[in-house]
Amino acid sequence: MAIRVGVQADSQDECAEGLALLVDAGFVPVMLPKLLTDRRWMARAVPAPTTKAPVDDRGPGVSG
């Protein structure tokens, strides 16, 4: 499941402020504020990746 959060605003400054709030909440920007064709600004963010160790799913007894 992919989680994406969007900010939609009437100005570039408002959009940047909304994106900054998401970054403060632990999200990572994936699309900086961009003017859309309908004269609205949009930005997107995703949850920050976790720092968990990778899972070795090759099964028991398998080395390197």
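Use the structure listed above.
Everything quoted here is computed from the prediction, not taken from an experiment.

Draft legend 1. Broad picture of the overall build of the protein. For the protein, the helix and strand inventory stands at one helix and three strands. Intrachain contacts of the protein at a sequence separation of at least 6 include 38% that bridge at least 24 residues. Here the protein has roughly 5200 Å² of accessible surface; of this, 55% comes from carbon and sulfur atoms.

Draft legend 2. Representation of the pattern of salt bridges in the model. The tally for this structure, following the rule as stated, stands at one salt bridge. A salt bridge links D38 to R40; its shortest N-O distance comes to 3.4 Å. Overall, D38 belongs to the partly exposed group, its relative accessible area being 41%.

Draft legend 3. Representation of the sheet that holds strand 1 (residues 5-9) within the structure. Read from one edge of the open sheet, three strands run 1-3-2, paired in antiparallel fashion. Looking at which strands have only one partner, the edges of the open sheet turn out to be strand 1 and strand 2 (27-35). With direction set aside, neighbouring strand axes in the sheet form an average angle of 15 degrees. Relative to strand 3 (residues 41-47), strand 1 runs antiparallel, the two being bridged by five bridges. Paired with V7 across the strands is A43, a residue of strand 3.

Draft legend 4. Highlighting a negative patch on the surface. Together, D10, D13, E14 and E17 give the surface a local cluster of negative charge. Within the secondary structure, E17 sits in helix 1 (residues 12-24).

Draft legend 5. Representation of helix 1 within the structure. Spanning 13 residues, helix 1 covers 18 Å between terminal C-alpha atoms, matching the ideal 18 Å at 1.5 Å per step. Those residues of helix 1 hidden inside the fold are in contact with strand 1, strand 2 and strand 3. Residue G26 follows helix 1 closely and has a positive phi angle near 105 degrees.

Draft legend 6. Structural context of the nonpolar core. Counting eight residues, the largest nonpolar core consists of V7, A9, C15, L19, L22, W41, A43 and A45. Other than its neighbours up to four places away in sequence, V7 contacts C15, G18, L19, L22, W41, M42 and A43.

About the cut-offs
- Residue numbers run consecutively from 1 along every chain, following the written order of its sequence.
- Side-chain atom pairs in this predicted model are given and counted only at pLDDT of 80 or more, local residue features only at pLDDT of at least 70, and totals for whole chains, interfaces and linings cover all residues.
- Calculation of side-chain values draws on the structure's entire complement of heavy atoms; hydrogens and water are dropped beforehand.
- Numbering of helices and strands runs from the N terminus, with a helix taken as a DSSP run of H or I at least four residues long and a strand as a DSSP run of E at least two residues long.
- Contact definition: two residues touch when any of their heavy atoms are within 4.5 Å.
- Under the convention used here, a 1.4 Å probe and the Shrake-Rupley method define accessible areas, while residue burial counts only the protein chains that appear.
- Throughout this description, the term salt bridge denotes a Lys or Arg side-chain nitrogen within 4 Å of a carboxyl oxygen of Asp or Glu.
- Using a 1.4 Å probe on the protein chains alone, a residue whose accessible area is under 20% of its type maximum counts as buried, one over 50% counts as exposed, and one in between counts as partly exposed.
- A pair of strands is treated as paired once DSSP finds two or more bridges between them.
- Interaxial angles span 0 to 180 degrees and are taken between N-to-C directions of axes, which are lines fitted to C-alpha atoms, for helices over the stretch in contact.
- A residue counts toward a patch only above 30% relative accessible area and without a salt bridge, and it is joined to like-charged neighbours within 9 Å or, for Val, Leu, Ile, Met, Phe, Trp and Tyr, to nonpolar neighbours within 5 Å.
- Charge assignment in this entry is limited to Lys and Arg as positive and Asp and Glu as negative, and neither His nor the chain termini are counted.
- By convention, the charge on Lys lies at NZ, on Arg at CZ, on Asp at CG and on Glu at CD.
- Multiplying one less than the number of residues by 1.5 Å gives the expected span of a helix.
- Within this scheme, the nonpolar core is defined by two criteria: the residues are buried Ala, Val, Leu, Ile, Met, Phe, Trp, Tyr or Cys, and they are joined through side-chain atoms within 4.5 Å.

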